[in-house]
Amino acid sequence: MFELRRLRLLHELALRGTLAAVAEALAYSPSTISQQLAQLEKDAGVPLLVADGRRVRLTEHGEVLAEHAARALELEEGIRGELESLQPGIAPVRIAAMQTAVHAILPAALAALDPALRIEVAELPPEEGLFELSARRFDLVIAEQYPGHTRAHQAGLERVLLGSDAIRLALPASDPADALPALAGRAWVLEPQGTAARQWAVQQCRAAGFEPDVRFELADLTAHVGLIRSGVAVGMLPDLVWAGSPPPVRLVDLPGAHAREVFAALRSSSATRPGIRAVLAALRSAFPAR
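An account of the accompanying structure is given in this report. (Residues numbered from 1 in each chain as written. Predicted model: local features only at pLDDT ≥ 70, side-chain atom pairs only at ≥ 80, totals over all residues. Heavy atoms only, no water.)

With that out of the way, let us pick up the pairing of strand S8 (residues 213–217). Relative to S8, strand S7 (residues 187–190) runs parallel, the two being bridged by four bridges. Across the sheet, the residue bridging to Trp188 is Val214, located in S8. Once you follow S7 into helix H8 (residues 196–207) and on to S8, the crossover reads as right-handed. (Pairing = 2+ DSSP bridges. Helix = DSSP H or I, 4+ residues; strand = E, 2+ residues; numbered from the N terminus. Right-handed = clockwise from strand over helix to strand, strands pointing away.)

Right, let's get into empty space enclosed by the protein. By the definition in use, this model includes one cavity of 30 Å³ or more. Space inside the largest cavity adds up to approximately 100 Å³. Of all elements in the fold, only S7, H8, helix H9 (221–229) and strand S9 (235–238) reach the threshold of two or more residues within the lining of the largest cavity. Counting residues per element, the lining of the largest cavity draws most heavily on H8, at four residues. (1 Å grid on protein atoms, 1.4 Å probe; cavity = no way out; pocket = protein on both sides within 12 Å on 5 of 7 lines; lining within 4 Å. Points joined across faces, edges and corners; volume = space filled by probe spheres on them.)

Here we come to helix H10 (residues 274–286). In an α-helix there are 3.6 residues to a turn, and that puts residues three or four apart on one side. Across its 13 residues, H10 extends 18 Å between first and last C-alpha, which sits within 8% of the 18 Å expected from 1.5 Å per residue. Looking only at H10, the buried set comprises Pro274, Gly275, Ile276, Val279, Leu280, Ala282, Leu283 and Ala286. (Expected span 1.5 Å × (residues − 1). Buried < 20%, exposed > 50% of the residue type's maximum accessible area, 1.4 Å probe, protein only.)

This brings us to the pattern of salt bridges. Enumeration according to the criterion identifies 25 salt bridges in this entry. Across the pair Arg57 and Asp52 runs a salt bridge, and its minimum N-O distance is 3.8 Å. According to the relative accessible area criterion, Arg57 is partly exposed, its value standing at 44%. With its nearest N and O atoms 2.9 Å apart, the salt bridge here joins Arg94 to Asp139. Taken as a pair, Arg94 in strand S3 (residues 93–97) and Asp139 in the loop between helix H7 (126–134) and strand S5 (140–145) lie far apart in primary sequence, 45 residues in all. Looking at Arg94, the relative accessible area reads 25%, which means it is partly exposed. On the basis of relative accessibility, which here comes to 2%, the residue Asp139 falls in the buried class. Put simply, Glu77, Arg94, Arg136, Asp139, Arg267 and Arg273 are held in one network by salt bridges that share partners. (Salt bridge = Lys/Arg side-chain N within 4 Å of Asp/Glu carboxyl O.)

Written out as structure tokens, the structure is:
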């Protein structure tokens, strides 16, 4: 018989690629991970791992068993969801949320929930949060999708649209610019390379006929606001940044009234959990009206 805990370790290895990454994610030592996977090999009666330089990789048998491990974990989660429906609140709901959602959506959503339901929240960029959702570190992820930049749909995950969030040019209060082309040659603050927000913003500048001079590369959008307010940069910011407060910068609409979609992602196998359904309903209600 296979032990589910060991199957999860194999599943994690298939996702993360190294024993060290699995150990860090699950707060185990690498030697413990190795011992448990060695025992799983004995249980399977076939080699699951093979040395590949200083790392290990899955054998063909290992890849097959990892696929079955993912299905076993989905089944186990579905069973737990049915049990929770008989006793709501017995399991916490773990949420990974992007920064603007933490500030503008979660406070009102959490205040509307039953205090007996334990909620755990971590702030993570969407790219990392969606990966960790597949790895079962979180139960819900609040993420975004920019116009024309769709995120890949992953098997076993569902999305629930929370709302639309307008994106505008953000300028110092006294800045006279009234359109994107007027900002060619200016200093820009944008999110880091590799993020959907950065890719989208750069494409807007290129469509306007220039390459943005990105002098400030920051993940913290409140830092963007500070730089823009002080007059040293311009940028593009979503309305959720303001969390209902008056913006301290001048906002200019982009042509086409661009907006990003803000959505919650969850595993299909956990969709029946009463706690997750309650959180989703609270998130939809808390999304600021436009």
